[in-house]
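# Working through the structure, step by step
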Amino acid sequence: MSLKIHHLSCGSMCPLGKRLINGHGGLLETAEMCCHCLLIESADGLVLVDTGLGSADVRNPAQLGRAFTLITRPKLLLEETALHQVQALGFKPSDLRHIVVTHLDLDHAGGLPDFPDAQVHVFKPEHHAAMERPSLGEKGRYRPAHFAHRPKWVLHETSAGERWNGFDSIRTLPGSSDEILLVPLIGHTRGHCGVAVNTGSGWLMHCGDAYFFRDEVNPQHTYCTPGLRMFQSIVQIDGKQRHANQARLRELAGTKGKEVELFCAHDPVELARYAA
């Protein structure tokens, strides 16, 4: 059965340096970055893949941290929150049964408090990193305010034999007829995952922050803009694994491109393809 999937931008970020980030425009122009999330109408109710920024972030930007707001310059609009967009589509917040996160960085988990009744599915190493915040960088990227409501965590681990197109995978809703998989893609964070969704006519793969610019997974012409290349290197936990997983995604795009569509969290050009 085909799933109905909505592609949402749940947060707009506007750092300076459009040429360095988007690949065109001036060095001092405002760049465009989105928070690409999925809202899935599944057999078990609504499923949200990542949340973007939340309504409490809009009301109180200080909880995002000074560094994030100064560098990314988020718009912070209530109408861009997942909560507002779910309601605009005619649903109640309680209709959202599950949230599957690629990772728990603040721009991917900020909307968790808006859906306190949802089960939150996360790779166990990512949950541990977000709760323990063992390094200075992790103290900045994971914000306690996003978890203060005590989410209904569902922690997932890999198990032998669960494979998807050569990758380890974890079925998040094992009792469901819908296939929504966590696919570990470590490197950006300790427990970063992609989320693969069987649409009924093919697979969508939300790669989260495994890459930031569309041509990073282009097997014919691999490229990343200088600003995004530098940013990824600064915030990565494990560069060797991150690069290895990008190479695996390029291979997937080259061999399964007609069966699997890849997109990342922050490329507005990729989002526009689906919005169209």
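You'll find the structure just up there.
This text gives an overview of the structure that appears in the document. (Residues numbered from 1 in each chain as written. Predicted model: local features only at pLDDT ≥ 70, side-chain atom pairs only at ≥ 80, totals over all residues. Heavy atoms only, no water.)

## Remarks on the packing of aromatic side chains
Applying the stated criterion across every chain yields a total of six aromatic pairs. On the numbers, 5.6 Å between centres and 70° between planes, the contact of Phe212 with Phe231 is edge-to-face. Note that Phe212 is positioned in the loop between strand 12 (203–206) and helix 8 (226–235) and Phe231 in helix 8, a separation of 19 residues in sequence. Ring pairing ties together the aromatic residues Trp164, Phe167 and Trp203, which thus form one cluster. (Phe/Tyr/Trp six-rings, centres within 6.5 Å; stacked < 30°, edge-to-face > 60°. Helix = DSSP H or I, 4+ residues; strand = E, 2+ residues; numbered from the N terminus.)

## Here's the deal with the pattern of salt bridges
For the structure shown, the criterion picks out eight salt bridges. Here Lys18 and Glu32 are joined by a salt bridge, their closest N and O atoms 3.8 Å apart. Within this pair, whereas Lys18 is found in helix 1 (residues 18–22), its partner Glu32 is found in the loop between helix 1 and strand 2 (33–42), the two being separated by 14 residues in sequence. Here Glu157 makes a salt bridge to Lys124, at a shortest N to O gap of 3.9 Å. (Salt bridge = Lys/Arg side-chain N within 4 Å of Asp/Glu carboxyl O.)

## Brief notes about the layout of surface pockets
For the largest pocket, the calculated volume is near 840 Å³. Phe68, Ile71, Thr72, Phe231 and Val235 are the residues nearest the centre of the largest pocket, which is lined by 37 residues in total. Contributing elements (two or more residues each) for the lining of the largest pocket: helix 1, helix 3 (66–72), helix 5 (106–109), helix 7 (136–141) and helix 8. Tallied by class, the residues present in the lining of the largest pocket amount to 20 nonpolar, nine polar and eight charged. (1 Å grid on protein atoms, 1.4 Å probe; cavity = no way out; pocket = protein on both sides within 12 Å on 5 of 7 lines; lining within 4 Å. Points joined across faces, edges and corners; volume = space filled by probe spheres on them. Nonpolar A, V, L, I, M, F, W, Y, C, P; charged D, E, K, R; others polar.)

## Digging into the pairing of strand 10 (residues 180–184)
For a regular strand, the rule is simple: side chains alternate between the two faces of the sheet. A large share of strand 10 lies buried, amounting to five of its five residues. The side-chain alternation of strand 10 yields two buried faces, one formed by Ile180, Leu182 and Pro184 and the other by Leu181 and Val183. Inspection of the sheet shows strand 9 (residues 170–171) paired to strand 10 by two bridges, in the antiparallel sense. In the strand pairing of strand 10, Arg171 is matched with Leu181. Bridge analysis of strand 10 against strand 11 (residues 193–198) gives five bridges, and the strand direction is antiparallel. Residue Ile180 lies in a different strand from strand 11, and its bridge partner there is Val197. (Buried < 20%, exposed > 50% of the residue type's maximum accessible area, 1.4 Å probe, protein only. Pairing = 2+ DSSP bridges.)

## A word on the pairing of strand 3 (residues 45–49)
Among the five residues in strand 3, four count as buried, and that is most of the element. Pairing between strand 2 and strand 3: five bridges, direction antiparallel. Within the sheet, the bridge partner assigned to Leu39 lies in strand 3 and is Leu48. Connecting the antiparallel pair strand 2 and strand 3 is a turn made up of two residues. Inspection of the sheet shows strand 3 paired to strand 4 (residues 96–100) by four bridges, in the parallel sense. Across the sheet, Leu46 pairs through a bridge with Leu96, a residue of strand 4.

## Remarks on the nonpolar core
With 35 residues, the main nonpolar core has Ile40, Trp164, Met205, Leu249 and Leu262 as its most contacted residues. Secondary structure elements with two or more residues in this core: strand 2, strand 3, strand 10, strand 11, strand 12, helix 9 (239–256) and strand 13 (260–263). Core analysis: the second largest hydrophobic core is formed by 23 residues, Leu8, Leu104, Ala109 and Ala130 among them. (Core = buried A, V, L, I, M, F, W, Y, C linked by side-chain atoms within 4.5 Å.)

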